[in-house]
Amino acid sequence: MDISVIVPLFNEEESLPELHAWIKRVMDANGFSYEVIFVNDGSTDRSWQVIEELQATYPEVKGIKFRRNYGKSPALFCGFERAQGDVVITMDADLQDSPDEIPELRRMIVENGYDLVSGFKMNRRKGDPLSKTIPTKLFNATARLVSGIHNLHDFNCGLKAYRRDVVKNIEVYGEMHRYIPYLAKNAGFTKIGEKPVHHQARKFGKSKFMGWNRFVNGYLDLLSLWFLDSFGLKPMHVFGFIGTLMFLIGLVAAVVVGANKIYCLAAGVPARLVTDSPYFYIALTMMILGTQLFVAGFLGELISRNSTERNKYQIEKEI
Ligand code: UDP
Ligand code: MG
């Protein structure tokens, strides 16, 4: 199979028939063998019925129905698991991403040897409110800096193409879909490219990602990815190091307090109360903090070795 198209969707009933017809038109015109995997992320509208109707007529349509809304990343993850095409394309369901881009995206993977090609929504400013564009620029600048992928302008574009190996070897969870190129890079897929793509305003429904809190979460996610990349397989190297350092500072402070007490006793001068000494507090805090960090390091080590439950989702139906 040449291409798998994966479409995560949450309440997009109006767009689906048009999107499918458009994808089909492009695929047929280019003679590609393909599948379209719609992942219904707990929609409360008629999206699933529409997918079932499409599936009844077109055998290349497949559907996964989540029992509840998990988010875009879990939807992509389950689509990735099932994809059979040599090239995997992800696109949003809202008709903002154009299927006309698929042949060129595929060509870049197959002929130019890219592992991942991300769309770049050049004309997006037209339709979007300021509350989306300014944070998006900031987001992309930070993501470029932290990930070291300097040639991407638009990490979060829903339209992307992947070599199949890539999607089978990365684990998208939580809200990590924003950083898929970084995940791919960490997995060792380094040929990452970009293609300017046409992008239009939403035709039906409204955006599912608004508000500023997604940027706070976005930065926290970026921080975890950076941490995982640097210390994921060796959390003890960071927690253990800081922990040991703090514990040692605490120990020295405790010795100072103790030595002072002994000295005073021996010299016959009245000993000060230990709690009068700043070293007492340093000893206390540092030793406690140090032990805590040490334990955190061990726990991190254990968890990172045993996290098999992270990507288990309730799937109600599959067609
Ligand atoms: N989406 C999803 N689960 C969610 C939220 C969104 O599958 O919990 C889908 C949504 O239906 C769309 C895509 O993710 O196909 C991108 O969402 P949206 O168009 O709302 O984001 P925007 O383009 O405004 O950034
Ligand atoms: Mg959209």
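Scroll up for the structure.
Just so it is clear, the structure is predicted and the values come from calculations on it, not from any experiment.

> I would appreciate a short explanation of the packing of aromatic side chains in the present structure.
Pairs of aromatic rings are described using the distance from one ring centre to the other and the angle between the two planes. Throughout the structure, instances matching the rule amount to 10 aromatic pairs. The interplanar angle of 70° and the centroid separation of 5.4 Å between the aromatic rings of Phe80 and Tyr162 together place this pair among those described as edge-to-face. Pair noted here: Phe80 is in helix H3 (residues 72-82) and Tyr162 is in strand E6 (residues 160-163), with a separation of 82 residues, a long-range link. With relative accessibility at 1%, the residue Tyr162 sits in the buried group. Three or more aromatic residues joined by ring pairs make a cluster, and in this case those are Phe66, Tyr70, Phe77 and Tyr313.

> Help me understand the coordination of the magnesium ion (ligand 2), please; the structure alone is not making it clear to me.
Six octahedral donors around a metal ideally make angles of 90 or 180 degrees; four tetrahedral donors ideally make 109.5 degrees. For the magnesium ion (ligand 2), the full set of protein donor atoms is Asp94 (OD) and Gln96 (OE1), and the range of their distances to it is 1.8 to 1.9 Å. Gln96 carries the same exposure label as Asp94, and that label is buried.

> When you look at the nonpolar core in this model, what are you seeing that I'm missing?
Inside soluble globular proteins, nonpolar side chains tend to come together where they are buried. Ile6, Phe66, Phe80, Tyr162, Tyr179 and Ile180 are the most contacted members of the largest nonpolar core, which has 37 residues in total. Of all the elements in the fold, those that place two or more residues in this core are strand E2 (34-40), strand E3 (61-66), H3, helix H5 (130-147), helix H6 (164-168), helix H7 (180-186) and helix H8 (213-231). For this core, the element with the most residues is H3, which contributes 5 residues. What Ile6 contacts, discounting residues up to four positions off in sequence, is Ile37, Val39, Leu76, Gly79, Phe80, Ala83, Val88, Ile89, Thr90 and Met91.

> Would you mind going over the side chain of Lys121 with me for this structure?
Along the chain, Lys121 falls in strand E5 (residues 116-121). One buried charged residue, Lys121, forms no salt bridge at all, with the nearest opposite charge on Asp154 at 4.0 Å. Apart from residues lying up to four places away in sequence, Lys121 is in contact with Asp154, Asn156, Cys157, Val197 and His199.

> Sorry if this is basic, but what is going on with the side chain of His199 here?
Following the sequence through the fold, His199 ends up in the loop between strand E7 (192-197) and H8. Here Gln96 takes part through its backbone oxygen, which lies 3.4 Å from a polar atom of the side chain of His199.

> Sorry, what's going on with the site of ligand 1 here?
Lining the immediate environment of ligand 1, one finds 17 residues, of which Glu12, Asp41, Asp94, Ser207 and Lys208 sit closest. Glu12 is positioned such that a nitrogen or oxygen atom in its side chain is 2.6 Å from an oxygen atom of ligand 1. Between ligand 1 and Arg202 there is a distance of 2.9 Å, counted from an oxygen atom to a side-chain nitrogen or oxygen. When ligand 1 is considered free in solution it has 530 Å² of accessible area, and contact with the protein chains removes 92% of it. A majority-of-atoms criterion places ligand 1 in the largest pocket. Broken down by class, the residue content of the shell around ligand 1 amounts to 5 nonpolar, 4 polar and 8 charged.

Conventions we followed
Residues numbered from 1 in each chain as written. Chains lettered and ligands numbered in written order. Predicted model: local features only at pLDDT ≥ 70, side-chain atom pairs only at ≥ 80, totals over all residues. Heavy atoms only, no water. Phe/Tyr/Trp six-rings, centres within 6.5 Å; stacked < 30°, edge-to-face > 60°. Helix = DSSP H or I, 4+ residues; strand = E, 2+ residues; numbered from the N terminus. Buried < 20%, exposed > 50% of the residue type's maximum accessible area, 1.4 Å probe, protein only. Donors = N, O, S within 2.8 Å, 3.2 Å for Na, K, Ca; no water. Core = buried A, V, L, I, M, F, W, Y, C linked by side-chain atoms within 4.5 Å. Contact = heavy atoms within 4.5 Å. Lys, Arg positive; Asp, Glu negative; His and termini not counted. Salt bridge = Lys/Arg side-chain N within 4 Å of Asp/Glu carboxyl O. Polar contact = N/O pair within 3.5 Å; in protein donor to acceptor, adjacent residues only side chain to side chain. Near = heavy atom within 4 Å. Areas by Shrake-Rupley, 256 points an atom, 1.4 Å probe, with all protein chains shown as cover. 1 Å grid on protein atoms, 1.4 Å probe; cavity = no way out; pocket = protein on both sides within 12 Å on 5 of 7 lines; lining within 4 Å. Sits in = over half its atoms within 2 Å of the grid points. Nonpolar A, V, L, I, M, F, W, Y, C, P; charged D, E, K, R; others polar.

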